Amino acid sequence: MKKILVTGALGQIGTELVVKMRDIYGIDNIIATNRSRREGHELVENGIFEELDVVDANKVHELCKKHNVDTIIHMAALLSATAENNPLMAWNINMGGLINTLEVAREMNCKFFTPSSIGAFGPSSPKDKTPQDTIQRPTTMYGVNKVAGELLCDYYFHKFGVDTRGLRFPGLISYTQAPGGGTTDYAVHIFYDAIKHKKYTSYINKGTFMDMMYMPDAVNSIIDLMEADPAKLKHRNAFNVTAMSFDPEGIASEIRKHIPEFTMDYNVDPMRQAIADSWPNSIDPTAAREEWGFKADYDLSKMTIDMLEKLKEKGI
Ligand code: VAH
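Residues numbered from 1 in each chain as written. Predicted model: local features only at pLDDT ≥ 70, side-chain atom pairs only at ≥ 80, totals over all residues. Heavy atoms only, no water.

1. Let's talk about the overall build of the protein chain
Stated precisely, the cut-off is as follows: Strands are runs of DSSP state E lasting at least 2 residues, helices are runs of H or I lasting at least 4, and numbering of each runs from the N terminus. Between the two quantities, the radius of gyration covers C-alpha atoms and the globule rule is 2.2 Å times the number of residues to the power 0.38. Buried residues are those whose accessible area, probed at 1.4 Å on protein chains only, stays under 20% of the maximum for their type, while exposed residues exceed 50% and partly exposed ones sit between those limits. It only takes one pair of heavy atoms within 4.5 Å for two residues to be counted as in contact. Only the protein chains shown count as cover for residues, with accessible areas throughout obtained via the Shrake-Rupley method and a probe of 1.4 Å. Counting rule for charge: Lys and Arg are taken as positive, Asp and Glu as negative, and neither His nor the chain ends is counted. A charge is said to be at NZ when it belongs to Lys, at CZ for Arg, at CG for Asp and at CD for Glu.
Within the protein chain one finds twelve helices and 14 strands. The C-alpha radius of gyration computed for the protein chain amounts to 19 Å, which stays within 12% of the reference 20 Å derived for 316 residues, consistent with globular compactness. Overall, the C-alpha framework of the protein chain stretches about 55 × 45 × 35 Å when taken along its three principal axes. Burial status across the protein chain gives 55% buried among its 316 residues. A separation threshold of at least 6 residues defines the contact pool for the protein chain, and within that pool the share at least 24 residues apart is 78%. With the model as given, the accessible surface of the protein chain reaches about 12900 Å², and the carbon-plus-sulfur share is 50%. Charge centroids of the protein chain, computed over 35 positive and 42 negative side chains, lie 1 Å from each other.

2. Structural notes on the environment of Arg 289
Residue placement: Arg 289 occurs in helix 11 (residues 286–292). Its relative accessible area of 47% is what places Arg 289 among the partly exposed residues. Once the C-alpha coordinates of Arg 289 and Asp 211 are considered, the two residues, 78 residues apart in sequence, prove to be 16 Å apart.

3. Observations regarding the pairing of strand 10 (residues 199–202)
Heads up, the rule is: A strand pair is defined by DSSP finding two or more bridges across the two strands.
On strand 10, burial follows the alternation: Tyr 200 and Ser 202 on one face are buried, whereas Lys 199 and Thr 201 on the facing-out side are not. As paired strands, strand 10 and strand 14 (residues 263–266) are joined by four bridges and run parallel to one another. By the bridge assignment for strand 14, Tyr 200 is matched with Met 264.

4. Quick notes on the domain arrangement of the protein chain
Spelled out, the test is: Domain borders in the structure are assigned automatically or taken from a domain database. As used here, buried area is the combined drop in accessible area, with a 1.4 Å probe, of two parts when they are placed together. In the analysis that follows, any N or O atom pair within 3.5 Å is treated as a polar contact, provided that within protein one partner can donate a hydrogen and the other can accept it, and provided that, for residues neighboring in sequence, both atoms belong to side chains. Charged residues are taken to be Asp, Glu, Lys and Arg, nonpolar residues to be Ala, Val, Leu, Ile, Met, Phe, Trp, Tyr, Cys and Pro, and polar residues to be all remaining types, Gly included.
Along its sequence, the protein chain is carved into domain 1 (4–170 + 213–240) and domain 2 (174–212 + 243–280 + 298–313). A separation of 25 Å is found between the C-alpha centroids of domain 1 and domain 2. Counting from both sides, the interface comprises 28 residues of domain 1 and, opposite them, 26 residues of domain 2. Taking both partners together, domain 1 and domain 2 bury about 2300 Å²; carbon and sulfur atoms supply 62% of that area. Interface area lost by domain 1 to domain 2 is led by Gln 12, Ile 118 and Tyr 214, which between them contribute 31%. Our count for the contact surface shared by domain 1 and domain 2 stands at nine residue pairs in polar contact (both at pLDDT 80 or more). Those elements that place two or more of their residues in the side of domain 1 that touches domain 2 are helix 1 (12–25), helix 4 (80–85), strand 11 (210–214) and helix 8 (215–227). The biggest single contributor to the side of domain 1 that touches domain 2 is helix 4, with five residues. Split into classes, the residues belonging to the side of domain 1 that touches domain 2 amount to twelve nonpolar, eleven polar and five charged.

5. Observations concerning the sheet that holds strand 11
The strands making up a sheet are joined through hydrogen bonds of the backbone, oriented either antiparallel or parallel. The condition that has to hold: The convention used is that axes are lines fitted to C-alpha atoms, helices contributing only their stretch in contact, and that angles between N-to-C directions extend from 0 to 180 degrees.
With mixed pairing, the three strands of this open sheet are ordered in space as 9-11-13. One side of each edge strand has no neighbouring strand; the edge strands of this open sheet are strand 9 (171–173) and strand 13 (244–246). Within this sheet the neighbouring strands show an average axis-to-axis angle of 40°, counted without direction. Examined bridge by bridge, strand 9 and strand 11 share three bridges and lie parallel to one another. Pairing of Gly 171 across the sheet is with Met 212, part of strand 11. Where helix 8 meets the sheet, it contacts strand 9 and strand 11, and its direction lies at approximately 80° from that of strand 11. Here helix 12 (residues 300–313) sits on the sheet and contacts strand 9, strand 11 and strand 13; the angle it forms with strand 13, its principal contact strand, is near 80°.

6. Description of the nonpolar core
Put simply, the rule is: As used here, the term nonpolar core means buried Ala, Val, Leu, Ile, Met, Phe, Trp, Tyr and Cys residues forming a set that is joined through side-chain atoms within 4.5 Å.
Core analysis: the largest hydrophobic core is formed by 41 residues, its most contacted members being Ile 173, Tyr 186 and Phe 246. Elements represented by at least two residues in this core include exactly helix 6 (141–160), helix 7 (186–197), strand 11, strand 13, helix 9 (248–256), helix 10 (270–277) and helix 12. When residues in this core are grouped by element, the largest group, eight residues, is from helix 7. Counting residues in each nonpolar core, the second largest holds 37 residues, with Val 6, Ala 9, Ile 73 and Met 213 among its members.

And the structure:
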């Protein structure tokens, strides 16, 4: 990978991914793109930044040609809760953006990454240690987008030889850029409220277990997968990856080890609870471990320490 274009670069994953990739591959080799420019943002002011709405096929093509990219990291998409509130817009953006970027990858012979999600599984998928290869009948628009996206990326690999690779991400927790419109966002908000208010009201109910991962591990897994020997990949789109599985009570009790007075109550959001209930309690990342050496460095305890420390440094 020498010239890498990232879509959705100012999003929750993109923000940390671009910083890491600029550090590894050189600041002039990473083209950060986003639907809107945010003046003053470090990624906009330092390095190459372009405005790009991924539903504009011509603009996708124009920027990839202009910068002669050899790799596309396609992150721009609507997350599960936003998608469930706007299903047609989600289809247009999530699938329109994907086909536009895949087509340019085909024309320019680019390596290609886009994330899938545990949301690609549904109520009829095995709930615990969900296997890499199993039934995928999601009941959300986001899940439909992710399953269709996985199939489309595999198609572009088998039909056109595009080197497509993907990861089924769990909920991602980060302190740099808050997520927007996800179901697992509670696991980020809880840290901010614990520091600011010493209490949090969870919209996800107790006993609702979901896979989670700290953002540094997510960013490293994208880079490790993209650098992996293609001959070793039996799967491509997309690998199960996870670091931990917890419910709101689990993360609350870990936070309480550092903020003893922290309390939590519940005001369950029926829509996001229904989305969470349709997802696995835990997924099995064995294929990722065996095929390209996936590993996560942060467990719940280590992540909690780092999140609280970094958010306090930010002055939250
Ligand atoms: C969401 N954070 O909540 C995303 C993710 C597994 C969850 O796909 O929609």
